[in-house]
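# Working through the structure, step by step
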Amino acid sequence: MEILRKNREIDHVRTPSEPKNAKRLIQKDLKKNWFVYLMALPVVAWFIIFCYGPMWGVMIAFKDFKPLLGFADSDWVGFKHFIDFFSGPYFWRVVKNTLLLNVWGIVFGFTAPIILALLLNEVRSSKFKRTVQTITYMPHFISLVVVCGIIHIFTANEGVVTQLLSFITGKDYSSLLGYSNLFRPIYTFSGIWQSIGWDSIIYLAAMSSIDPSLYEAADIDGVGRVKKMWYITLPQISPVIIILFIFAIGGLMASGYEKIILLYNPLIYDTADVIASYVYRRGLREASLSYSTAVGLISSIVNFGLLWMTNTIVKRRSESSLW
């Protein structure tokens, strides 16, 4: 008891000096690394001005915003726009399409770069490996508008993909972008073609840090290449895969609207219209700024909830997590 009492007294004495020590350490670090902090200033300023500053504009989701009246004089309407969206005729359509497109992207688009990286890691010819990497990287540097133009040409009446599909199935097709059931495959696999090489870089970088002695031990035991991939390579890069998977789940309710707007048309709205494209039409084309802001806010909140939930589950079952 005496020892405990003395420890409490010591803690009581130390507590007031801790802030001073922390302040002194911060001042010392600022003085020592002033140039690093100076270089970080533009980045911090960019985030404040362009990311956090505009956030206050989200309040128009709770107003009947009129540009001529401004933020302050527009009338408050509470959750009216949120209720309109949930009870609107397009709610289930855009939510379902957004989820399905992203599920397709996770099932096929998320796994494709991992498979490519695993295969490239097993290639012994550096010349062949560089050639494959160059070919698969190139689509990433093509403008999205050009990519969508290529997709339109290939899926037109006389396009290569249309003719190939007609040859395989024995059916005559007009433009493939006029069929609702073909939009998701076209969108997903064109996305894989565009990003598979670039996305595989991070997995190849993770594989380069694997201890070679693990492979040498496996060679001595007579382990084949497939088993080495399964029991050595994949477990070693699993933290990277888990982190990227959490990010992918965190974007489950979001889709890039640019590509969809460049590809879709009213004939295939039932499968191609997603939350982002719906927000674009209502917000910019119909000038319903408050309504589109409310829809975008719902999407962001759901994405944050999915990110937090996935990270919590992964944290309980593995050692990797975002926080």
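Thresholds, definitions, all that
Residues numbered from 1 in each chain as written. Predicted model: local features only at pLDDT ≥ 70, side-chain atom pairs only at ≥ 80, totals over all residues. Heavy atoms only, no water. Salt bridge = Lys/Arg side-chain N within 4 Å of Asp/Glu carboxyl O. Helix = DSSP H or I, 4+ residues; strand = E, 2+ residues; numbered from the N terminus. Buried < 20%, exposed > 50% of the residue type's maximum accessible area, 1.4 Å probe, protein only. Patch = residues over 30% accessible without salt bridge, like charges linked within 9 Å, V, L, I, M, F, W, Y side chains within 5 Å. Areas by Shrake-Rupley, 256 points an atom, 1.4 Å probe, with all protein chains shown as cover. Axes fitted to C-alpha atoms, helices over the stretch in contact; angles between N-to-C directions. Parallel < 35°, antiparallel > 145°, perpendicular 65-115°, else oblique. Left-handed = near helix turned anticlockwise from the far one by under 90°. Contact = heavy atoms within 4.5 Å. Nonpolar A, V, L, I, M, F, W, Y, C, P; charged D, E, K, R; others polar. UniProt positions renumbered as here; feature names shortened; annotations may be inferred. Expected span 1.5 Å × (residues − 1). Bend = angle between axes of the 7 residues up to and from the residue. Domains from an automatic or database assignment. Buried area = accessible area lost by both parts, 1.4 Å probe. Core = buried A, V, L, I, M, F, W, Y, C linked by side-chain atoms within 4.5 Å.

### Some words on the pattern of salt bridges
All chains considered together, the criterion is met by seven salt bridges. Note that R225 and E122 form a salt bridge whose closest N and O atoms lie 3.9 Å from each other. In this pair, R225 is assigned in helix 12 (residues 225–250) and E122 in helix 6 (residues 91–122), connecting sequence segments 103 residues apart. The exposure class assigned to E122 is buried, which follows from its relative accessible area of 10%. D273 is paired through a salt bridge with R281; the nearest N and O atoms lie 2.8 Å apart. The buried category is assigned to R281, whose relative accessible area is 11%.

### Quick word on a nonpolar patch on the surface
Where nonpolar side chains cluster on the molecular surface, the patch consists of V43, V44, W46, F47, I48, I49, F50, Y52 and M55 and spans about 960 Å² of accessible area. One can find Y52 in helix 3 (residues 34–52).

### Focus on the packing of helix 12 against helix 16 (residues 289–317)
Where helix 12 contacts helix 16, the axes come no closer than 7 Å and their chain directions differ by 150°. The angle between helix 12 and helix 16 places the two elements in the roughly antiparallel class. The crossing of helix 12 and helix 16 is right-handed. Only N303, L306, L307, T310, N311 and V314 of helix 16 make contact with helix 12, whose side of the interface consists of I242, F245, I246, F247, I249 and G250. Its residues assigned to classes, the contact of helix 12 with helix 16 shows eight nonpolar, four polar and no charged.

### Some details on the UniProt feature "transmembrane region" (unreviewed entry) in the protein chain
Under the UniProt annotation, the feature "transmembrane region" (unreviewed entry) is placed at residues 34–62, 99–120, 141–166, 237–257 and 289–309. Each end of residues 237–257 is marked by a C-alpha atom, and these two atoms are 31 Å apart; helix forms 71% of the span and strand 0%. Secondary structure across residues 289–309 comprises 100% helix and 0% strand; the distance between its end C-alpha atoms is 30 Å.

### Observations regarding helix 6
With 32 residues, helix 6 extends 47 Å from end C-alpha to end C-alpha; this agrees with the ideal 46 Å at 1.5 Å per step. Its axis deflected by about 35° at I106, helix 6 carries its strongest bend there.

### Quick word on the domain arrangement of the protein chain
Assigned domains of the protein chain: these are domain 1 (24–62) and domain 2 (79–316). A C-alpha centroid distance of 32 Å is found between domain 1 and domain 2. Listed as interface residues are four residues of domain 1 and, on the opposing side, eight residues of domain 2. Taken together, the two surfaces of domain 1 and domain 2 that pack against each other cover about 500 Å², and 79% of this comes from carbon and sulfur. Connecting domain 1 to domain 2 are zero salt bridges.

### Considerations on the packing of helix 11 (residues 212–220) against helix 12
Helix 12 packs onto helix 11 with a crossing angle of 165° between their chain directions and a minimal axis gap of 11 Å. In terms of orientation, helix 11 and helix 12 fall into the roughly antiparallel class. Regarding helix 11 and helix 12, the two cross each other, and that crossing is right-handed. Packed against helix 11, whose contacting residues are L214, Y215, A218 and D219, the element helix 12 presents K228, I232, T233 and Q236 at the interface.

### A word on the nonpolar core
Counting residues in each nonpolar core, the largest one holds 40 residues, and the members touching the most others are F85, Y203, M207 and I237. At the level of elements, helix 5 (80–86), helix 6, helix 7 (126–137), helix 10 (180–208), helix 11, helix 12, helix 15 (275–285) and helix 16 are the ones that each hand at least two residues to this core. Considering every element that reaches this core, the biggest residue donor is helix 6, with 11 residues. The contacts of F85, once residues within four sequence positions are left out, are F91, V94, Y278, Y291, V295 and I298. Judged by nonpolar contacts, the second largest core, of 18 residues, contains L101, V147, I151 and L263.

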